[in-house]
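Descriptive structure summary
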Amino acid sequence: GQNIDQPTEMTATEGAIVQINCTYQTSGFNGLFWYQQHAGEAPTFLSYNVLDGLEEKGRFSSFLSRSKGYSYLLLKELQMKDSASYLCAAAKAAGNKLTFGGGTRVLVKP
Amino acid sequence: GAVVSQHPSRVICKSGTSVKIECRSLDFQATTMFWYRQFPKQSLMLMATSNEGSKATYEQGVEKDKFLINHASLTLSTLTVTSAHPEDSSFYICSASRDSTDTQYFGPGTRLTVL
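What comes next concerns the included structure. Note that this is a predicted model, so its numbers are computed, not measured.

It is worth spelling out the overall build of chain B at this point. Scanning chain B for helices and strands turns up zero helices and eleven strands. The N-to-C order of helical and strand elements in chain B reads β-β-β-β-β-β-β-β-β-β-β. In terms of C-alpha radius of gyration, chain B reaches 13 Å, essentially the compact-globule figure of 13 Å for 115 residues. Projected onto its principal axes, the C-alpha positions of chain B cover 40 × 25 × 25 Å. The buried share of chain B, taken over its 115 residues, is 50%.

Dropping the structure here:
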């Protein structure tokens, strides 16, 4: 089976940093995606990690450790518009299927 | 590039009727399209994977006779919810990818409400 775990909710202050952790157990693992989803909208792509290590893209960075089945998404210099749900998803090598975690709702306060 | 559209964005229908949702890749050819369902405050659950020109592969627990999927061209897939019931009310999202190694690009979603 497959299991993707991430915290349900996190609250942070504008300008601060927040780290969203994701652990996964999945067979045929190919890589780990992070998506941002605002309420009532479809997910938008943030990052894709295949190899171990940190990938930085502006204010957002994503880390993967395949041996530990662990990833995190780091959001820096938080802005109010960053309030959203953040979904981690494990991709299977066969067929590129995604299994999503439950999502982490991040609330950014002034 | 890599834009995916869905139509309609919202639909309200009576119990027992059928509803068709379209998913289009606007600026690329999608070998594979995926259909997801998302209930309020829950994550996306994969319903089925469709490859152009072949039958869709359904996830366990998803009734293929109730959720009809057609992927007749490289830019269009349709999901028909047959004999819809209130419990089918949900947010339906499609995604498309060029091939099995490509990122999935998501459509804007369709909110279905069955009265």
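A separate point is the overall build of chain A. Counting its secondary structure elements, chain A contains zero helices and eleven strands. When the elements of chain A are put in sequence order from the N terminus, they spell out β-β-β-β-β-β-β-β-β-β-β. Computed over C-alpha atoms, the radius of gyration of chain A comes to 13 Å, within 12% of the 13 Å expected from 2.2 N^0.38 for 110 residues, which places it in the range of a compact globule. Along the first, second and third principal axes, the C-alpha set of chain A runs to 45 × 30 × 20 Å. Within the span of chain A, comprising 110 residues, buried residues form 48% of the whole. Long-range contacts, defined here as pairs at least 24 residues apart, represent 55% of the contacts in chain A between residues at least 6 apart. Placing the 10 positive and 9 negative side-chain charges of chain A at their respective mean positions leaves the two points 6 Å apart.

Core analysis: the biggest nonpolar cluster contains 25 residues, and Trp 35, Phe 67, Leu 79, Tyr 92 and Leu 112 of chain B have the highest contact counts within it. Elements with a minimum of two residues in this core: β2 (10–13), β3 (19–25), β4 (32–38), β5 (45–51), β7 (67–73), β8 (76–81), β9 (90–97) and β11 (110–114) of chain B. Of all hydrophobic cores here, the second largest spans 21 residues; its members include Ala 12, Val 18, Tyr 24 and Phe 60 of chain A.

Looking now at unusual backbone geometry. Apart from glycine, the bulk of residues carry a negative phi angle, and the bulk of peptide bonds sit in the trans form. Between His 7 of chain B and Pro 8 of chain B the backbone carries a cis peptide bond, its omega angle lying at 0 degrees. Here the phi dihedral of Glu 77 of chain A falls at roughly 45 degrees; this positive angle occurs in a residue that is not glycine. Its place among the elements puts Glu 77 of chain A in the loop between β8 (70–75) and β9 (84–92).

A separate point is the sheet that holds strand β1 (residues 3–5) of chain A. Residues and elements named next belong to chain A. The strand order across the open sheet formed by five strands is β1-β3-β8-β7-β6, and the pairing between neighbours is antiparallel. At either end of the open sheet lies a strand with only one pairing partner, and these are β1 and β6 (53–57). Taking each pair of neighbouring strands and ignoring which way they run, the sheet shows an average axis angle of 15 degrees. Across five bridges, β6 lies against strand β7 (residues 60–65) in antiparallel orientation. Considered in β7, the bridge of Glu 56 is made with Ser 61.

The calculated volume of the largest pocket comes to roughly 490 Å³. Together, 28 residues line the largest pocket, and Ser 85 of chain A together with Gln 38, Pro 40, Lys 41 and Gln 42 of chain B are the ones closest to its centre. Elements that contribute at least two residues to the lining of the largest pocket include exactly β1 and β9 of chain A together with β9 and β11 of chain B. Of the residues contributing to the lining of the largest pocket, the split by class is nine nonpolar, 14 polar and five charged.

Right, let's get into the state of the cysteines. Residues and elements named next belong to chain A. Scanning the model with the defined rule gives two disulfides over all chains in all. Through a disulfide, Cys 22 is tied to Cys 88; the S-S separation comes to 2.1 Å. Between Cys 22 and Cys 88, the S-S torsion sits near 70 degrees, and that sign places the bridge as right-handed. Of this pair, Cys 22 sits in strand β3 (residues 18–25) while Cys 88 is found in strand β9, placing the two residues 66 residues apart along the sequence.

The next thing to look at is the interface of chain B and chain A. Taken together, the contacts link 23 residues of chain B with 17 residues of chain A. Between chain B and chain A lies a buried interface of about 1,400 Å² when both sides are counted; carbon and sulfur atoms form 55% of it. Applying the counting rule to chain B against chain A returns one salt bridge. For Glu 59 of chain B, the salt bridge identified is with Lys 97 of chain A, shortest N-O distance 2.8 Å. In this structure, the connection of chain B to chain A is made through four residue pairs in polar contact (both at pLDDT 80 or more). Sorting the residues of the side of chain B that touches chain A by element identifies β4, β5 and β9 of chain B as the ones contributing at least two each. Residues of the side of chain B that touches chain A, tallied by class, amount to eight nonpolar, ten polar and five charged.

Parameters at a glance
- Residue indices follow the written sequence of each chain, beginning from 1 at its first position.
- As a convention, the first chain written is A and the first ligand written is 1, with the rest following in written order.
- Totals for whole chains, interfaces and linings use every residue, but because this is a predicted model, local features are given only for residues with pLDDT of at least 70 and side-chain atom pairs only at 80 or more, for both listing and counting.
- Hydrogens are left out, water is left out, and the side-chain values use all remaining heavy atoms of the structure.
- Only DSSP runs of H or I reaching four residues or more are called helices, and only runs of E reaching two or more are called strands; each is numbered from the N terminus.
- The globule rule used here is 2.2 Å times the number of residues to the 0.38 power, and the radius of gyration it is set against is calculated over C-alpha atoms.
- Note on exposure labels: buried denotes an accessible area under 20% of the residue type's maximum, exposed denotes more than 50%, and partly exposed covers the range between, all computed with a 1.4 Å probe on protein chains only.
- In this analysis, two residues are considered to be in contact whenever any of their non-hydrogen atoms come within 4.5 Å of each other.
- Here Asp and Glu are counted as negative and Lys and Arg as positive; His is not counted, and neither are the chain ends.
- To locate a charge, take NZ of a lysine, CZ of an arginine, CG of an aspartate or CD of a glutamate.
- We define a nonpolar core as any set of buried Ala, Val, Leu, Ile, Met, Phe, Trp, Tyr and Cys residues linked to one another through side-chain atoms lying within 4.5 Å.
- Following DSSP output, two strands are said to pair if at least two bridges run between them.
- To obtain each axis, a line is fitted to C-alpha atoms, and for helices this fit is confined to the stretch in contact; angles are then taken between N-to-C directions over 0 to 180 degrees.
- Of the grid points, spaced at 1 Å and generated over the protein atoms alone, those admitting a 1.4 Å probe that cannot get out make up cavities, while open sets with protein on both sides within 12 Å along at least five of seven lines make up pockets; any residue with an atom within 4 Å of a point is treated as lining.
- Grid points are joined across faces, edges and corners, and a volume is the space filled by probe spheres set on the points.
- Three classes are used, and their members are as follows: Ala, Val, Leu, Ile, Met, Phe, Trp, Tyr, Cys and Pro are nonpolar, Asp, Glu, Lys and Arg are charged, and the others, Gly among them, are polar.
- Disulfides are defined in this document as cysteine sulfur pairs within 2.5 Å.
- By buried area we mean how much accessible surface two parts lose on assembly, using a 1.4 Å probe and totalling the loss over both.
- Here, a salt bridge means any side-chain nitrogen of Lys or Arg that lies within 4 Å of a carboxyl oxygen of Asp or Glu.
- Polar contact is defined as a pair of N or O atoms within 3.5 Å, subject to the rule that within protein one atom must be able to donate a hydrogen and the other to accept it, and that residues adjacent in sequence are counted only when both atoms are side-chain atoms.

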